[in-house]
Amino acid sequence: MSTVTLTAQEIADTTGYSKFRLGSYGEMVASFKDFGINRFQKDGASRDHRNTIAIPRFVLAMDYKFTPKWILGTEIEFESGGTGTAYELENKENGEYETEVEKGGEVALEQFHLTRLIIKEFNIRVGHMVLPVGMVNAHHEPINFFGNERPESETSILPSTWHETGISFFGTFGKGRGLTTYQAMIVAGLNANGFDRDEWVAGGKQGFFETDNFTSPAYVGRVDYLGINGLRTGVSLYYCRNTVSNADKPQTYAAYGRVPLTIFTWDAQYRNRYVTARANLIYGHLGNSKAVNERNGMLQGSSPYSRLTPVAKNALSYGAEVGFNIGNIFKIKNCPTIYPYARYEYYNPQKSIQKPYNPDNRLEVSQWSAGVNWFALPNLVVKADYRTRQIGTSKVFGKGQYNSENEFSIGIAYIGWFIRK
């Protein structure tokens, strides 16, 4: 919710408060499902009826201006009720993993950074920041997507929310039809220990330990075009030269050479008083994935990583959603702000596998969802949606070769700045 999640133009926009502001966002959701918890059976997930209820996240945000040019931004996230476990790597005991603190939850410092505003075209930010890789990470607040869950086409293969420590340069060029913004970052890279079969590189985000490895930093760039009223479209690129250099124990992969990672994304949003439409695409390539597959399955059982292999050399996902403002379309006076919507997504964290390994078709998903978003207030939304996943197919319509997964969810979400001074 803090300004780092916006375009570079909006990052530099510090209007609306003179010294200090405090805000928050949060989500609550209940889901009713017809499938079991284990998809990796002969026919896919078994038929089952189970319900879940959760508070996926609650976030507190604070921005403080030391001067109009020097600004502190912070966000603390309480995820899934604030549960989790901390680990340490005990180097005095043969590099074994040990559980250091049993917290029972996760409380994460999502953002902590200092910004120096210089000129419109060039500004600097240092600290812990959200990476603008993809649509969800750049715009992850719950009023920025339809449905109760963040789009799976991104969260299935990338960390979410993806935040790292480093330095960022950002600015705005042009005006009118030529309005363009950019961000360029050098941050801590992903750790190959966390790459796995099910979520590709999503588990590679560092943060299990007190310090992050910075041996092979990642380079991140994003450009957004804002020259057409109501349209925002942008591309991003992530590159880490050698993810195994950021491993807990780099000697694990010493005999295999470099394992570079490249991720390309495109996303767009168009909004007017009648319609909101969004689309996104992610393509990723993991070089020398054979090295990861030969070593990750042999990681210590006490480590915090899944050890599921094979990890793909290529991953792919894309999706689109559209919602309509009923009151404005039909010119209904005093009509509540209601958006019925539909979304299609495809994702496959094992799009292609380096030989001699083979992909598991149960990781390929074609998904439709539809529902209603009622904006009771401009910053408070009640959501209801139905999702159906077809497993083992890339077809937009039609049934997959495994049991489908269907669920209905209802929830409520909000975002807001409560104190401005």
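**Comments concerning the overall build of the protein**
Part 1: From N to C terminus, the protein includes five helices and 16 strands.
Part 2: Over its C-alpha trace the protein gives a radius of gyration of 22 Å, about what one expects of a compact globule, namely 22 Å for 421 residues.
Part 3: With the C-alpha coordinates of the protein rotated into their principal frame, the extents come out at 65 × 50 × 40 Å.
Part 4: In the protein, which comprises 421 residues, the share counted as buried stands at 52%.
Part 5: Taking contacts inside the protein between residues at least 6 apart in sequence as the whole, the part at least 24 apart equals 67%.
Part 6: When the accessible surface of the protein is split by element, carbon and sulfur atoms take 59% of a total near 18,600 Å².
Part 7: Averaging the positions of the 45 positive and the 41 negative side-chain charges in the protein gives two centres separated by 9 Å.

**Quick look at the side chain of Asp63**
Part 1: Tracing the backbone through its elements, the reader meets Asp63 in strand β2 (residues 47-65).
Part 2: Assessed through its relative accessible area of 2%, Asp63 is described here as buried.
Part 3: There is a polar contact of 2.9 Å between the side chain of Asp63 and the side chain of Arg21.

**Examining the pairing of strand β15 (residues 380-391)**
Part 1: By the bridge criterion, twelve bridges tie strand β14 (residues 365-377) to β15 in an arrangement that is antiparallel. Across the sheet, residue Gly371 finds its bridge partner in β15, namely Asp385.
Part 2: Between the end of β14 and the start of β15, which pair antiparallel, lie two residues.

**With respect to the side chain of His163**
Part 1: You can see His163 is positioned in strand β6 (residues 163-173).
Part 2: His163 gets classed as buried once you look at its relative accessible area, which sits at 6%.
Part 3: In this structure the side chain of His163 is engaged in a polar contact, spanning 2.8 Å, whose partner is the side chain of His128.

**A closer look at the packing of aromatic side chains**
Part 1: Counted by the stated rule, this structure contains 13 aromatic pairs.
Part 2: An angle of 75° between the planes, with centres 5.9 Å apart, marks the rings of Tyr339 and Phe375 as edge-to-face. Here Tyr339 is found in strand β13 (residues 337-352), whereas its partner Phe375 is found in strand β14, with 36 residues between them in sequence.
Part 3: Looking at Tyr339, the relative accessible area reads 7%, which means it is buried.
Part 4: Taken together, the ring pairs connect Phe146, Tyr339, Tyr341 and Phe375 into an aromatic cluster.
Part 5: The ring of Phe40 is capped by Arg197, whose NZ or CZ atom sits 4.0 Å from the centre of that ring.
Part 6: Over the face of the ring belonging to Phe146 we find Arg278, whose NZ or CZ atom lies 4.9 Å from the ring centre.

**As for the environment of Lys175**
Part 1: Along the chain, Lys175 falls in the loop between β6 and β7 (180-187).
Part 2: Residues Lys175 and Arg39, 136 residues apart in the sequence, show an inter-C-alpha distance of 50 Å.

**Quick notes on a nonpolar patch on the surface**
Part 1: Taken together, the side chains of Met28, Ile55, Phe58, Leu60, Ile76, Val107, Leu109, Phe112 and Ile412 define a hydrophobic patch exposed on the protein surface, amounting to about 750 Å² of accessible area.
Part 2: Sorting the residues of the nonpolar patch by element identifies β2 and β4 (96-119) as the ones contributing at least two each.
Part 3: Here Leu60 shows up in strand β2.
Part 4: The class of Leu60 is partly exposed, set by a relative accessible area of 37%.

**Overview of helix α4 (residues 289-296)**
Residues spaced three or four apart along an α-helix face the same direction, because each turn holds 3.6 residues.
Part 1: Taken together, the buried positions of α4 are occupied by Ser289, Ala291, Val292, Asn293 and Asn296.
Part 2: In the core, the buried residues of α4 are packed alongside β11 (275-286).

**Here we look at unusual backbone geometry**
Part 1: Of note, the amide linkage connecting Ser160 to Thr161 takes the cis form, showing an omega dihedral of 0°.
Part 2: Residue position: Thr161 is located in the loop between α3 (152-155) and β6.
Part 3: Even without glycine at this site, Trp200 takes up a positive phi of about 55°.
Part 4: Residue placement: Trp200 occurs in the loop between β7 and β8 (218-225).
Part 5: Phi at Arg307 takes a positive value of approximately 65°, unusual for a residue other than glycine.
Part 6: Take Arg307: it is sitting in the loop between α4 and β12 (314-324).

**Looking at the pattern of salt bridges**
Pairing between side chains of opposite charge can happen when the charged atoms of each approach one another.
Part 1: Scanning all chains against the criterion turns up 19 salt bridges.
Part 2: Residues Glu405 and Arg39 are paired through a salt bridge, measuring 2.8 Å at the closest nitrogen-oxygen approach. One end of the pair, Glu405, is in strand β16 (residues 405-420); the other, Arg39, is in the loop between β1 (20-35) and β2, with 366 residues separating them in the sequence. When sorted by exposure, Glu405 lands in the same class as Arg39, which is buried.

**Considerations on the nonpolar core**
Part 1: If you look at the biggest cluster of nonpolar residues, it comprises 31 residues, and the most contacted ones within it are Phe195, Trp200, Tyr238, Leu261 and Ile263.
Part 2: Sorting the residues of this core by element identifies β7, β8, β9 (231-240), β10 (261-271), β11 and α4 as the ones contributing at least two each.
Part 3: In this structure, Phe146, Tyr339, Tyr341 and Phe375 belong to the second largest nonpolar core, which totals six residues.

**Details of the environment of Leu131**
Part 1: Among the structural elements, Leu131 can be located in the loop between β5 (122-130) and α2 (134-138).
Part 2: With a relative accessible area of 0%, Leu131 lands in the buried category.
Part 3: Through-space distance from the C-alpha of Leu131 to that of Val187 is 8.9 Å; in sequence the pair is 56 residues apart.
Part 4: Excluding its chain neighbours within four sequence positions, the residues that come into contact with Leu131 are Asn137, Ala138, Trp162, His163, Glu164, Met185, Val187, Val220 and Tyr238.

Criteria and thresholds
Residues numbered from 1 in each chain as written. Predicted model: local features only at pLDDT ≥ 70, side-chain atom pairs only at ≥ 80, totals over all residues. Heavy atoms only, no water. Helix = DSSP H or I, 4+ residues; strand = E, 2+ residues; numbered from the N terminus. Rg over C-alpha atoms; globule rule 2.2 N^0.38 Å. Buried < 20%, exposed > 50% of the residue type's maximum accessible area, 1.4 Å probe, protein only. Contact = heavy atoms within 4.5 Å. Areas by Shrake-Rupley, 256 points an atom, 1.4 Å probe, with all protein chains shown as cover. Lys, Arg positive; Asp, Glu negative; His and termini not counted. Charge placed at Lys NZ, Arg CZ, Asp CG, Glu CD. Polar contact = N/O pair within 3.5 Å; in protein donor to acceptor, adjacent residues only side chain to side chain. Pairing = 2+ DSSP bridges. Phe/Tyr/Trp six-rings, centres within 6.5 Å; stacked < 30°, edge-to-face > 60°. Lys NZ or Arg CZ within 6 Å of the ring centre and 35° of its normal. Patch = residues over 30% accessible without salt bridge, like charges linked within 9 Å, V, L, I, M, F, W, Y side chains within 5 Å. Salt bridge = Lys/Arg side-chain N within 4 Å of Asp/Glu carboxyl O. Core = buried A, V, L, I, M, F, W, Y, C linked by side-chain atoms within 4.5 Å.

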